[in-house]
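Residues per chain, in single letters:
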Amino acid sequence: MKKSPLIILLGLCSVVCLGKIILISIDFASHSLQMDFSAFYTAGESINHGFSPYTNNINQNPSVWDGRNITEFSRFLYPPLTATFFRGIALLPYSVAKFVWVIFILACLAGSYFLFLKILRRNKTFEVNWFYVIIFTCLFFPLLPSIERGQIDSVTLFVLYLALYLMLNKNGKGLDG
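Residue numbers run consecutively from 1 along every chain, following the written order of its sequence. Since the coordinates come from a predicted model, pLDDT governs what is reported: local features require at least 70, and pairs of side-chain atoms require 80 or more to be given and counted, while whole-chain, interface and lining totals use all residues. The side-chain numbers reported here are obtained from all heavy atoms of the structure, hydrogens and water having been left aside.

Attention shifts here to the environment of L18. Residue placement: L18 occurs in helix α1 (residues 5–31). Taking the C-alpha atoms as reference, L18 lies 9.2 Å from T137; in sequence the two are 119 residues apart. Any two residues whose heavy atoms approach within 4.5 Å are treated as being in contact. Once residues within four sequence positions are removed from consideration, L18 is found in contact with I134 and C138. Under the scheme used here, helices are H or I runs from DSSP no shorter than 4 residues and strands are E runs no shorter than 2 residues, and both carry numbers assigned from the N terminus.

What follows is the structure in structure tokens.
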């Protein structure tokens, strides 16, 4: 079976773009504080030590600090259940937790695309070329600050698409709908 030159070119561009995002993600996880993630991690760590996730616990024993905040209150601005979600990852050393978090947010982004396309394919006539999706996503600039900051937006997007998908498929047919 002969492949079209366009498909080969799109495949190569997809590989290059994915490689770029992977290398940038490794660099951010290795050398960046990931300010938003540090607030999440510190909230989980605070709860693990019996402290409030909403106060700066730098003066507690043991000291729990996000590496940035010098005010009385923490930078954690989310509901308490969100802090509970981060208790497990806060058991890891911060340098390892950053890598786990980057992998998790990229997996949530990929899962969001998967669910979104499953929702669109409900009429069985919608087809997608994954190469275009990969290239667009990797070249979409807001992805870089999201990774660099360790933002939770990809997780939120995944939860929203999962809820929408489950709501539309309440007949129980599952992902193959």
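Now, onward.
Another point: helix α2 (residues 35–48). The terminal C-alpha atoms of α2, which comprises 14 residues, lie 20 Å apart, in line with the 20 Å expected from a rise of 1.5 Å per residue. Among the 14 residues in α2, 10 count as buried, and that is most of the element. Looking only at α2, the buried set comprises F37, S38, A39, F40, Y41, T42, A43, G44, E45 and S46. Summarising the contacts, the buried residues of α2 are in contact with α3 (80–85), α4 (94–120) and α6 (143–149). Following α2 by one or two positions, G50 adopts a phi angle in the positive range, close to 80 degrees. To estimate the expected span of a helix, count its residues, drop one, and scale the result by 1.5 Å. Note on classification: 1.4 Å probe, protein chains only; a residue is buried when its accessible area is under 20% of the maximum for its type, exposed when over 50%, partly exposed between these limits.

Tracing the sequence through the fold places S46 in helix α2. The buried category is assigned to S46, whose relative accessible area is 1%. Dropping the residues within four chain positions of it, S46 is found in contact with F51, S52, P53, N57 and V64.

Geometric values such as these leave the question of function open.
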